[in-house]
Amino acid sequence: MADCLFCKIIEGEVPSDKLYDDDLVVVILDINPRAPRHFLVIPREHIGTVKDVRGEHGPLLTRMFVAASNVAKDEGIAESGFRMTFNVGDDAGMTVNHLHMHVLGGRQLGPEG
Ligand code: AMP
Ligand code: ZN
């Protein structure tokens, strides 16, 4: 999608630190990490937000969770624990309107919110 940062990252038009990619998802380091390990799991398909998810996205969502779990293992946070977050809308501080899962770990994260 034109003018979408994550679409540009997926197309390679904007550089990123890629940890993993396959036919459905791309995993990159967050440019502004809020934990010692902070990466983003991004579907190649442009889906705006969680509100745009439909039944047919089931296999894609499964792949996002499997990729998150595998990269968490690679990054050494699978045993200590990690948090997976989807921001939706202004109150959540969503800044990029292309569905993505944050994965954070490597420290005690404290309560949500
Ligand atoms: P959200 O606030 O949920 O929309 O998350 C967007 C995330 O994208 C933020 O955590 C940003 O730090 C991150 N971000 C913005 N630009 C880039 C970029 N060029 N490469 C990697 N992460 C980015
Ligand atoms: Zn996009």
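Small disclaimer: the values here were computed from a predicted structure and weren't measured.

## What about the site of ligand 1?
Residues in contact with ligand 1 amount to 17 residues; listed here are only the nearest, D30, N87, T95, H100 and H102. One of the side-chain N or O atoms of R34 is found 2.9 Å from an oxygen atom in ligand 1. When ligand 1 is considered free in solution it has 500 Å² of accessible area, and contact with the protein chains removes 87% of it. Of all the elements in the fold, those that place two or more residues in the shell around ligand 1 are α1 (5-11) and β2 (25-29). Ranked by the residues each element gives to the shell around ligand 1, the list is headed by α1, at 3 residues. Taken together, the residues of the shell around ligand 1 break down into 9 nonpolar, 6 polar and 2 charged.

## A word on the coordination of the zinc ion (ligand 2)
Binding of the zinc ion (ligand 2) to the protein goes through C4 (SG), C7 (SG), H46 (ND1) and H98 (ND1), at separations of 2.0 to 2.3 Å. If you look at the zinc ion (ligand 2), its 4 donor atoms make angles of 104 to 116° with each other, and the shape they trace is tetrahedral. For the zinc ion (ligand 2), the donor residues sit on a single chain with the sequence spacing C-x2-C-x38-H-x51-H. In this pair, the class of C4 matches that of C7, namely buried.

## Quick look at the pattern of salt bridges
In this structure the tally under the stated criterion is 7 salt bridges. Here R63 ties to D23 by a salt bridge, and the two come within 2.7 Å at their closest N and O atoms. Separated by 40 residues along the polypeptide, R63 in helix α2 (residues 58-74) and D23 in the loop between β1 (18-21) and β2 bring together distant segments of the chain. Judged by its relative accessible area of 57%, D23 falls in the exposed class. R34 serves as the salt-bridge partner of D30, at 3.5 Å between the closest nitrogen and oxygen.

## Some thoughts on the pairing of strand β3 (residues 37-43)
Counting buried positions along β3 gives 6 out of 7 residues, so the element sits mostly inside the fold. Here 5 bridges tie β3 to strand β5 (residues 101-105), and the two strands are oriented antiparallel to one another. Within β5, the position partnered with H38 by the bridge is L104.

Quick notes on the rules
Residues numbered from 1 in each chain as written. Chains lettered and ligands numbered in written order. Predicted model: local features only at pLDDT ≥ 70, side-chain atom pairs only at ≥ 80, totals over all residues. Heavy atoms only, no water. Near = heavy atom within 4 Å. Polar contact = N/O pair within 3.5 Å; in protein donor to acceptor, adjacent residues only side chain to side chain. Areas by Shrake-Rupley, 256 points an atom, 1.4 Å probe, with all protein chains shown as cover. Helix = DSSP H or I, 4+ residues; strand = E, 2+ residues; numbered from the N terminus. Nonpolar A, V, L, I, M, F, W, Y, C, P; charged D, E, K, R; others polar. Donors = N, O, S within 2.8 Å, 3.2 Å for Na, K, Ca; no water. Tetrahedral: all angles 85-135°; square planar, octahedral: opposite > 155°, others 65-115°. Buried < 20%, exposed > 50% of the residue type's maximum accessible area, 1.4 Å probe, protein only. Salt bridge = Lys/Arg side-chain N within 4 Å of Asp/Glu carboxyl O. Pairing = 2+ DSSP bridges.

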